[in-house]
Amino acid sequence: RKCCNCFYCTPMLKLLDWMEPSACRRWGVVLCMISTGVVAGVLIGLFAPSWGPAASMNSNSGGNESNDATINDTTAVTQGNESGSNGTVGMIPSSMPSPSILPSNTSYAPSPFDMASLPTLQQGPPPPLLDRKDALLSLLLQSSKVPSQSLSYAQYQATMWMIQDDPLYLNPNTNQTQYIIERYVLVLLYMSMGGIGKSNDGQWVNSAGFLSELTTCDWMGVTCKEDDIVIEMIIFENNGLSSSIPPELSLLSSLKHLDLNNNDITGIIPSEIGLLQHLNYINLSHNDFKNEIPNSLFNCSKLQYIDLSNNNLVGSISSNIGSLVDLTSIALSNNVLVGSVPREIGNLSFLESLSLHENYLSGPIPPEIYNATSLRSIRLFKNTLNGSINDNIKLLVNLSQLLIQNNNLSGTIPSVIGQLEQLEFLYINHNEFQGTIPNAIGNLVNLRALYMHSNFLRGNISSSICNLREVFLENMWADCKGTSPSVVCECCTKCFGES
């Protein structure tokens, strides 16, 4: 016990009772060394953080929090951008799918819709040194004039395709921005009007070239300027388009010809269409457009052809239509239009065709309309027009069709109508005309159809009119039925009236 009576051995005295004094000394030294090492290691582990350089670092930890945040932000920007942008413009998050090049015969499946993944961009043109993704995103959002948080599903998908999946990998820093914008507009048209759905179930009959490596000039229905890549013509007629026209269509600043007839397009005609200052042809017929004809359409001063027929357009026909002095054809038939026929139509000296039939137009046929002396066809049937035919109709020397049946027109048939030598079709049936049928109609040697029935006409049809049956006149209908007909006609092909 005396030889083992040391500090470290004391707790183990009972364990050493069986040892000899010399053994106790030997093992006591060993146990002291081991115990000392263990205790020293524990003490260093507990108190070392408060000693030396580590303590100095911890004493400055509050100041480094901002530095850490800066480092983290810088790391996020570096990971989010392709070439380390300054972070002044919103970046494409790293969580977005990586770009993939689609072959021309592969349809595009939209990625999950995550509006929050698009950042808010600063206003103004994209800085020239932005990386490709940021510059492209900035250009597209500013072109659409829509903040990223307000993008529609189709706008989002079109934007993501342009940034990530377009095989051309366009860059506003090196490519023509107008070409990029126009490519985006076509992609948006495709994605928003039934070309592709959320489940990749597009309805377009023909979409050859879309979402491929081909230039937009080689996409189906698209024609560009000769020796240029600027779009001049879009023809998507009878192609299964649906939904509404995106206002971004107005970004096709050189567009001259727009034909979307015979589809399933709904909604309104966007007012932005009035920004197409080069537009000379527009055909939106046989769709399901509603609301009024946008007054901005009449800002397209180069328009020569307008066909908005067979829709559900309401309201009246604006007098501003008279400002389109180059118009050759107007077709607004089979809608729900009300009001009068604008007298300003008489200002259109190049107008050849006027089709306003099957609406709810009222009032008289304005006499000013006879000043449009290039008219070849007037179709005003199935309205509620009243009044009479003005003698100035003789000024329409090029007229070949006068279809004014199924109205409330009255008065007599002016004999000057016999001066319209080019007239081929004269339909005045189902009105309230009175008097006799003028013999001057016999001068219309090109007449092919004459419908006069369901009026209050009377008398005999002259032989000069019947002689037309030996030339081109194939159909002549009158109220000549019964034993006492109001009209006596020996050459009519069909008679109406009471038996």
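Note that the structure is a prediction, hence the values are computed from the model and not measured.

Rules behind the numbers
Position labels on residues start from 1 in each chain and follow its written sequence. Per-residue local features of the predicted model are confined to residues with pLDDT of at least 70, and side-chain atom pairs are confined, for both listing and counting, to 80 or more; whole-chain, interface and lining totals are unaffected and use all residues. Hydrogens and waters are ignored; side-chain quantities use all the structure's heavy atoms. Note on pairing: DSSP must find at least two bridges between two strands before they are called paired. Elements are defined by DSSP. Helices are runs of H or I of four residues or more, strands are runs of E of two residues or more, and each kind is numbered from the N terminus. Buried residues of nine kinds, namely Ala, Val, Leu, Ile, Met, Phe, Trp, Tyr and Cys, make up a nonpolar core once their side-chain atoms join them within 4.5 Å. Relative accessibility decides the category of a residue: with a 1.4 Å probe and only protein chains considered, values under 20% of the type maximum give buried, values over 50% give exposed, and everything between is partly exposed. What makes two residues a contact is simply this: any of their non-hydrogen atoms within 4.5 Å. The length a helix should cover is 1.5 Å for every residue beyond the first. For this analysis, a salt bridge means a side-chain nitrogen from Lys or Arg found within 4 Å of a carboxyl oxygen belonging to Asp or Glu. Any pair of nitrogen or oxygen atoms within 3.5 Å is treated as a polar contact; in protein, a donor-acceptor pairing is required on top of that, and neighbouring residues in sequence qualify only through side-chain atoms on both sides. A residue's pLDDT is the predictor's confidence in that residue, given on a scale from 0 to 100. Axes here mean lines fitted to C-alpha atoms, for a helix over just the part in contact, with angles spanning 0 to 180 degrees between N-to-C directions. To sort the angles, those under 35 degrees are grouped as roughly parallel, those over 145 as roughly antiparallel, those from 65 to 115 as roughly perpendicular, and the leftovers as oblique. Left-handed is the label given to a crossing in which the near helix is rotated counterclockwise from the far helix by less than a right angle, and right-handed is the label when the rotation is clockwise. In this classification, Asp, Glu, Lys and Arg are treated as charged, Ala, Val, Leu, Ile, Met, Phe, Trp, Tyr, Cys and Pro as nonpolar, and every other residue, Gly included, as polar.

Explain the sheet that holds strand β14 (residues 384-387) here, please?
Sheets are built from strands that pair by backbone hydrogen bonding, the pairs being arranged parallel or antiparallel. Spatially, β8-β10-β12-β14-β16-β18-β20-β22 is the arrangement adopted by the 8 strands of the open sheet, whose pairing is parallel. Each edge of the open sheet is held by one strand with a lone partner, namely β8 (314-316) and β22 (487-488). Bridge count between β14 and strand β16 (residues 408-412): 2 bridges; the pairing is parallel. Residue pairing in the sheet places N386 in a bridge with N408 of β16.

I tried to follow the nonpolar core on my own but got confused; where do I start?
In globular proteins that are soluble, nonpolar side chains generally tend to be buried together. Of all hydrophobic cores here, the largest spans 118 residues; its most connected members are I234, F236, L258, L356 and I461. Once residues lying within four places of it in the same chain are set aside, the contact partners of I234 are L186, L189, G221, L249, L252, L255, H257, L258, D259 and L260. Grouped together as the second largest cluster of nonpolar side chains are 5 residues, L403, Y427, A449 and Y451 included.

Any chance you could explain helix α6 (residues 153-165) here in plain terms?
Side chains of residues three or four places apart in an α-helix project in the same direction, reflecting 3.6 residues per turn. The end-to-end C-alpha distance of α6 is 17 Å, a good match for the 18 Å that 13 residues give at a rise of 1.5 Å each. For α6, the tally of buried residues reaches 12 of 13 residues, placing the bulk of the element in the interior. Residues of α6 that are buried include every one of A154, Q155, Y156, Q157, A158, T159, M160, W161, M162, I163, Q164 and D165, and no others. Looking at the buried residues of α6, the elements they touch are α5 (132-144) and α7 (177-192).

Any chance you could explain the pattern of salt bridges here in plain terms?
Opposite charge on two side chains allows them to pair when their charged atoms are near. Here the structure, examined in full by the defined rule, presents 4 salt bridges. One salt bridge connects E424 with R448, and the closest N-O pair in it is separated by 3.6 Å. Taken as a pair, E424 in the loop between β16 and β17 (425-427) and R448 in the loop between β18 (432-436) and β19 (449-451) lie far apart in primary sequence, 24 residues in all. Overall, E424 belongs to the partly exposed group, its relative accessible area being 25%.

Can you walk me through the environment of N283 in this structure?
Note on placement: N283 falls in strand β6 (residues 281-283). With near-sequence residues (within four places) excluded, N283 lies in contact with L258, D259, L260, N261, Y305 and D307. Side-chain polar atoms of N283 contact the side chain of S285, separated by 2.7 Å.

Where do I start with the confidence of the model for the chain in this structure?
Detailed conclusions should not be drawn from predicted coordinates in areas where pLDDT is low. Per-residue confidence for the chain gives a mean pLDDT of 82, with 73% of residues at or over 70. Taken as a whole, residues 1-20 scores under 50 in pLDDT and shows 23 contacts with residues more than four places along the chain or in a different chain. Throughout residues 49-124 the model reports pLDDT below 50, and contacts reaching past four residues in sequence, or to other chains, amount to 107 contacts.

What's the story with the packing of α5 against α7 in this structure? I'm lost.
Pairs of packed helices are described in terms of their axes, by the angle between the two and the distance that separates them. Between α5 and α7, the least distance of the axes is 11 Å, while the angle of their chain directions is 65°. Classed by the angle they form, the pair α5 and α7 counts as roughly perpendicular. When the axes of α5 and α7 are compared, the crossing they make is right-handed. Between α5 and α7, the residues in contact are L136, L139, L140, S143 and S144 and T177, I180, I181 and Y184, respectively. When its residues are assigned to classes, the contact of α5 with α7 shows 6 nonpolar, 3 polar and no charged.

Looking at this model, I keep getting lost on unusual backbone geometry. Mind explaining?
Excluding glycine, a negative phi dihedral is what most residues carry, and trans is how most peptide bonds are arranged. You will see that N262, though not glycine, has its phi angle at about 60°, which is positive. Residue position: N262 is located in the loop between β4 (257-259) and β5 (264-265). Under the relative-accessibility criterion, N262 is labelled partly exposed at 36%. The phi dihedral of K382 is positive, around 60°, even though this residue is not glycine. Within the element layout of this structure, K382 appears in the loop between β13 (377-379) and β14.

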